[in-house]
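# Fold and geometry: a report
These are the residues of each chain, in order.
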Amino acid sequence: MADRPTVGVVEAVATKALEELDAVGDAEALERWRVSYLGRRGELTAILRGIGTLPPEARRQVGAAANAAKARVDEAMAARKREFSREVTPALLAEDSIDVTLPGRPVPTGRLHPTTQTVREICRIFASMGFDAVEGPEVEWDRYNFEMLNIPKHHPARDMFNTFWVDYPDRNGEQSVLLRTHTSPMQARIMEDTRPPVRVVVPGKCYRYEATDATHEWQLTQVEGLAVDDGITFADLKGTLYEFARQIFGEERRVRFRCDYFPFVEPGVDVAIDCFSCGGAGCRTCGRTGWIEIMGAGMVHPNVLKGVGYDPAVYTGFAFGMGVERIAMLKHGIEDIRHFYANDLRFLKQF
Amino acid sequence: MKAPLSWITQYVPVDLPPQEVAHRLTMAGNEVDDITVTGDWDRERVVVGRVLEVKRHPNADRLTIPTVELGDGKTAAVVCGAPNVAAGQKVAFAHEGARLFSARSGRVEALRPANIRGVVSSGMVCSEIELGLGDDHGGILVLDDDAPVGTPLADYLGDAVLDMNVTPNRPDCLSIMGIAREVAALTGREAVEPDSSYLESEVPIEDVVDIEVVDTDLCRRYTASLVTGVSIGPSPKWLQDALIKADQRPINNVVDVTNYVMLEYGQPLHAFDFDKVKDAKIVVRRARAGERLLTLDGEDRALVPPMLTIADSSDAIGLAGVIGGAETQMTEATTAVLLESANFDAVNTRRTGAALRLSTGASYRFERGLRAELAPLALRRATKLILEVAGGQAAKGIVDVYPGEEEPPAITLTRERIRKVLGIDPDVSETAGALKSLGFAVVEPVGGAVAVKVPYWRTDVAIEDDLVEELARIRGYDSIPTTAITTAIPHHSPQPMLDMKDRMRDVLAAAGMCEMISYSLTSPGELDGAAALGNGPEPLMIANPMSGEQSCLRTSLRAGVLSCLASNLRVSRNEGVRTFEIGRVYIPRGKSAEYGLPEEREMLVGVMAGPREPVSWGTRSGDMDFYDAKGVLESALAQIRLEAAFEKDTDPSLHPGRTARVSSGSVALGVVGEVHPSVLERFGIEDAAVALFEIDVESLLESSQEAGGYSPPNRYPQSSRDLALTLPASVPSAAVQALLERHKLIARSIPFDVYSGAELPPGKKSISYRVVFQSEKGTLTAEQINNAQRDLLRRLRQELGAELRGADS
Ligand SMILES: [Zn+2]
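What counts as what
Residues numbered from 1 in each chain as written. Chains lettered and ligands numbered in written order. Predicted model: local features only at pLDDT ≥ 70, side-chain atom pairs only at ≥ 80, totals over all residues. Heavy atoms only, no water. Helix = DSSP H or I, 4+ residues; strand = E, 2+ residues; numbered from the N terminus. Rg over C-alpha atoms; globule rule 2.2 N^0.38 Å. Buried < 20%, exposed > 50% of the residue type's maximum accessible area, 1.4 Å probe, protein only. Pairing = 2+ DSSP bridges. Donors = N, O, S within 2.8 Å, 3.2 Å for Na, K, Ca; no water. Core = buried A, V, L, I, M, F, W, Y, C linked by side-chain atoms within 4.5 Å. Contact = heavy atoms within 4.5 Å. Expected span 1.5 Å × (residues − 1). Buried area = accessible area lost by both parts, 1.4 Å probe. Salt bridge = Lys/Arg side-chain N within 4 Å of Asp/Glu carboxyl O. Polar contact = N/O pair within 3.5 Å; in protein donor to acceptor, adjacent residues only side chain to side chain. Nonpolar A, V, L, I, M, F, W, Y, C, P; charged D, E, K, R; others polar. Phe/Tyr/Trp six-rings, centres within 6.5 Å; stacked < 30°, edge-to-face > 60°. Axes fitted to C-alpha atoms, helices over the stretch in contact; angles between N-to-C directions. Parallel < 35°, antiparallel > 145°, perpendicular 65-115°, else oblique. Left-handed = near helix turned anticlockwise from the far one by under 90°.

Moving on, we get to the overall build of chain A. In terms of regular secondary structure, chain A is built from twelve helices and nine strands. Taking 351 residues into account, the globule formula puts the C-alpha radius of gyration at 20 Å, and chain A, at 39 Å, lies well above it. Its C-alpha atoms give chain A principal-axis dimensions of roughly 115 × 50 × 45 Å. Expressed as a percentage of the 351 residues in chain A, the buried residues total 54%.

Structure, rendered in structure tokens:
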């Protein structure tokens, strides 16, 4: 190592370094300058290293001076560096330019099925109104799918639900097991298992023994809803479903409630929105009525409440059920329900 | 149900346009699917006229020039080509400019003046064709004599047929009368019943006819009348027209009357040729075993108890409430008609129809439930009409077998109930008024309650809440406010399975996989194709499948996912296909329903095949294989903090050398592997390796870890060493990693190169590991690392037979 550093030496080296720094003309020269002063064998580095060998008194003095000098030099270097980078960057980087129009390196993109996405949106809206989501069996007893819903055996309303029967006869040799035709059996199952208040939505698959066409599939997804308590009214049904319809289809939609019949509700309701294709004037989408039906609903029938041991004089409630694919078709303008289970990725990847 | 407005207006005046009537009916629960307007003619230009005289055309033998009176002293003379035009006829006259159907052009066109063989004609006497009423070329349409001259034809002949979608609870609306009553209630009018009065002869019916109801449980009321001296023939035009508009084919006058009254009142009727009824005796009884009946539709049917028959002294002559017998049907020779109007049991009628696969207008109505009060009303009405259109004399009185007379149900509707169910509080007089308008007899509107008797036609109203609905629908649902639920929100109950499925969907989609949903029904053949049968449980069969391809409940998702993959690979050759499904498989618990419903097990199956990355300038990677599937699976499992172990295994669907069982601790999670070539062949997949994983979602719930505590990041530096090892081919890499990571100074090990070149000795493979050293106690020195490495190499050699590649190490 060279001479023992003194405050004077420190100052001299720093001054020289700063003068030379001023003279540096480009980034390369700056790098050379940096090596000669601040590199591993640089002059300033050597001084700083040498401080440790000084007697304590000198070490303090020289150390303070050296650290101050180092800070000055570092700062000046950083300033020059910024200067050069401003000047030099455009030229240097121009050589490194690329064709930004080439596609990026591919990352596989996955998708959720439109039915899943729609179920989630429906459940999210109802969750915001206090409805929990639950699921139930798809292979169901006649008892839950029909009888507990006020549809006894041989009731003509059974014609509304074309049924797949499972070849799984009971003790009497009768078919009592079926593929549920709607998610409504969960109304009875949930109420059997819980005391009021009840507020749930039930997403799930259903099956109808029906020929397939552009608007009918034999397999479909429904979301059922049920709210039961002391103090739930038809006005609440309207308010809740009105809110839902506008959240899912847009604030500008009008919502129509009309009387309809489902054996497990009384009064029964058909909920429709004004046709967004024609604005209510009537067109092919809405079957010339100006309205598009989106779900069935109603106040839970007292017989259903009695059947699960709820006192209909105390508890009232409403139920509703909607076809998820139908909602998705309306939202996305899908013309044929058969796309949903054809599983063509060219369809699925659009959602 | 087709309901012509012209028919409805016979019972209730309608001064609203058909669209408005349809709208009100629809809102009140009787949906009008469609309105067919007939005779939508220009009211100014198409009117009723009367032919005053008919002159010959001066230049053409086959043309005439009728002069037509048009009211208000106006007349018009036009050229006419019809052979049947004659003075005194009422006709449909079209002025110039009227839009009519032109047989020549096949389009609707405005009528223009024409010079026909030298005579200028500006107007036309119309035939059915121009008016769009039919295709009768024969001549002009001749109207009835009562047609008022000068009236717009649309008012006289026009009609609107409402196509009603009647719900199963409203058999009353399967009748014009029922619809008229609805219209009355919805328009503030009153409906009147049709005239049923007729003259009777001196002979009491009991003297001629003997009727016995044996099975009163299935026939609560049986009424009958007798008309003798009828002549069977075609019905008059008004009757035929009414039936045609209502979609019923005219047959002969007596049968047409029974159909007309069924449509009018909703009560099915049946006419027997009385002379063919043996011993003039009718017995209503269950069918006997082995009994047969040739029915009106020409089928020879085997009857079985408890089907209800109408029999004479020896044989069944009709199937009660469903269809009549051929033997006693109306023929041209019939002169005496025994007319039946009865009340048959709904369930038995439905079962009979179902057993015979036969649904008729009669069975459709009976199975929806009719009240016994209706039977005699319809009987008298039909008797009157038969006398009118077929002549003859009615016997005195009717037979009425009605052992257990029913009281109409009485119900009380309270203000409290209305408030509780609807959330509104109308006053009692409004409630009473609404119910009255529907025909409910209001007994005593006292206090806050309205007590009513249900009218005979409303079989659907049985409890207080039914009246609540009546009130709501007559007021209109629009009049009920919209409010938010104010009761307490129930406690949230966690749904771990729903959450887990949603989580896996998100994770797999984020890993580049597309979700698919396939059918839950499949065929044993398809399941077998995916080698899921034979090795798994017997699937549950569908008793009434729509096709063989959908004849059983799936016991595996593999078949559905593979056929989806196959069809997508066919259309997407340049891109890989990655798809997954989360859905249920259905595993029976036993041979019959006594074992309970099947287990519905939530499964997750993912498949991938084709190029790992789409064709791109920046990449050149190959096709997806086992390790792609395993990678996605590992990453998905890592998301739920689940460390899975993979062990070599076999599976009937999968390649025997490329299959791993996946487990976590003691819980089996599923399998990952490449699909067996013979399975691929069954699904028509060629030249592609298909990697598949299948996971039991329930098992994920058992073994996944919720986020627990955390450990602070290790602040001491890591150092890495690369070890290229040569080891026996039979040693799984996982064993090497397990050995390395047991060492306390090793944070982890990563196999980064796998080599199986020719210069390796037989039975050996070579894998390079990057070994990351790190201590929680301080920075490791080179010496510590060297010692650790030496120690590790010794153990690798001793325990696994692994050597550092290159002799000198
Ligand atoms: Zn529309």
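We are not done yet, so read on.
Attention now goes to the sheet that holds strand β22 (residues 316–319) of chain B. Residue and element names in this part refer to chain B. In space, the five strands of this open sheet follow the order β15-β18-β21-β22-β23, with mixed pairing throughout. Strands with a single pairing partner mark the edges of an open sheet, and in this sheet they are β15 (210–213) and β23 (323–324). Two elements, β15 and strand β18 (residues 281–286), share four bridges in a ladder whose sense is parallel. Bridged to E212 within β18 is V283.

Moving on, we come to the coordination of the zinc ion. Residue and element names in this part refer to chain A. Coordination sphere of the zinc ion, protein contribution only: C275 (SG), C278 (SG), C283 (SG) and C286 (SG), at 2.2 to 2.3 Å. Mapped onto the polypeptide sequence, the residues donating to the zinc ion form the spacing pattern C-x2-C-x4-C-x2-C. In this structure C278 comes out as partly exposed when scored by relative accessible area, which is 22%. Using a relative accessible area of 7% as the deciding quantity, one classes C286 as buried.

The subject of this paragraph is the nonpolar core. Membership of the largest hydrophobic core comes to 149 residues, with the highest contact counts inside it found for F126(A), F320(A), I8(B), L162(B), Y222(B), F344(B) and L422(B). No other element matches the nine residues that helix α10 (residues 374–390) of chain B contributes to this core. Filtering out sequence-adjacent residues up to four positions away, L162(B) remains in contact with M1(B), K2(B), A3(B), L5(B), I8(B), P18(B), V21(B), A22(B), L25(B), V32(B), D34(B) and I35(B). Of all hydrophobic cores here, the second largest spans 40 residues; its members include V561(B), V675(B), I685(B) and L692(B).

Residue and element names in this part refer to chain B. A rise of 1.5 Å per residue sets the reference length of helix α21 (residues 782–800), with its 19 residues, at 27 Å; its end C-alpha atoms lie 26 Å apart and thus fit the reference within 8%. Listing the buried residues of α21 in full gives I785, A788, Q789, L792, L793, R795, L796 and L800. Against the buried residues of α21 lie β39 (719–728), α20 (733–742), β40 (746–755), β41 (764–773) and β42 (803–804). In the stretch just after α21, G801 is the one whose phi turns positive, near 70°.

Attention now goes to the environment of V667(B). As for its position among the elements, V667(B) is in strand β37 (residues 667–675). Taking the C-alpha atoms as reference points, V667(B) and K436(B), separated by 231 residues in sequence, lie 69 Å from one another.

Below, the discussion takes up the interface of chain A and chain B. Counting residues at the interface gives 97 residues for chain A, matched by 99 residues for chain B. The junction of chain A with chain B conceals about 8,200 Å² of combined surface from both sides, 58% of it contributed by carbon and sulfur atoms. Where chain A touches chain B, the interface holds ten salt bridges. For D506(B), the salt bridge identified is with R120(A), shortest N-O distance 2.8 Å. Linking chain A with chain B are 51 residue pairs in polar contact (both at pLDDT 80 or more). In terms of residue count, the dominant contributor to the side of chain A that touches chain B is helix α8 (residues 234–249) of chain A (six residues). A breakdown of the residues in the side of chain A that touches chain B according to their chemical character gives 46 nonpolar, 21 polar and 30 charged.

Next up on the list: the packing of aromatic side chains. Inspection of every chain in the model, using the stated rule, returns 22 aromatic pairs over all chains. On the basis of an interplanar angle of 40° and a centroid distance of 5.7 Å, the ring pair of W33(A) and Y37(A) is categorised as tilted. Here W33(A) pairs with Y37(A), and both are found in helix α2 (residues 27–38), just four residues apart, close to one helical turn. Neither W33(A) nor Y37(A) differs from the other in exposure class; each is buried. Ring plane angle 70° and centroid distance 5.2 Å describe the contact between F344(B) and F366(B), whose orientation is recorded as edge-to-face. Of this pair, F344(B) sits in strand β24 (residues 336–344) while F366(B) sits in helix α9 (residues 361–366), and the two are 22 residues apart along the sequence.

All names here are of chain A. Packing of helix α5 (residues 114–127) against α8 leaves a shortest axis separation of 10 Å and a crossing angle of 135°. One way to sum up the angle between α5 and α8 is to call them oblique. Where α5 crosses over α8, the handedness of that crossing is right-handed. Seen from α5, the contacting residues are E121, I122, R124, I125 and F126; seen from α8, they are T240, L241, F244, Q247 and I248. Along the lines of polarity and charge, the residues of the contact of α5 with α8 split into six nonpolar, two polar and two charged.

Moving on, we get to the sheet that holds strand β35 (residues 645–648) of chain B. Residues and elements named next belong to chain B. Pairing is mixed in the open sheet, where seven strands are placed in the order β30-β33-β34-β38-β37-β36-β35. The strands lining the two open edges of the sheet, one partner per strand, are β30 (514–515) and β35. Where β35 and strand β36 (residues 654–664) come together, four bridges link them in antiparallel fashion. When the sheet's bridge partners are listed, E647 is paired in β36 with R661.

Time to look at the side chain of R181(B). Residues and elements named next belong to chain B. For R181, the location among the structural elements is in helix α5 (residues 176–187). Of note is the side chain of R181, whose polar atom sits 3.2 Å from the side chain of E193. Those residues within four positions of R181 in sequence are excluded, and the remaining contacts are A191, E193, Y456 and W457.

A few words now on the environment of P524(B). In this structure, P524(B) sits in helix α15 (residues 524–529). Each C-alpha atom of the pair P524(B) and L604(B) lies 20 Å from the other, and the pair is 80 residues apart in sequence.

All names here are of chain B. α10 packs onto helix α7 (residues 253–265) with a crossing angle of 140° between their chain directions and a minimal axis gap of 9 Å. Viewed along their axes, α7 and α10 form a crossing whose handedness is right-handed. Of the residues in α10, those in contact with N253, V254, V257, Y260, V261, E264 and Y265 of α7 are L374, L377, A378, R381, A382, L385, I386, V389 and A390. Among the residues making up the contact of α7 with α10, the classes are represented as 13 nonpolar, one polar and two charged.

Turning next to unusual backbone geometry. For the bond from P196(A) to P197(A), the omega torsion is 0°, close enough to zero to count as cis. Within the element layout of this structure, P197(A) appears in the loop between α7 (185–193) and β4 (198–207). Looking along the chain, the bond that leaves E266(A) and enters P267(A) is cis, with omega of -5°. On the secondary structure map, P267(A) appears in strand β7 (residues 265–274). The phi angle at D247(B) is positive, at roughly 75°, despite the residue not being glycine. Mapped onto the elements of the fold, D247(B) is located in the loop between α6 (237–245) and α7. The exposed category is assigned to D247(B), whose relative accessible area is 58%.

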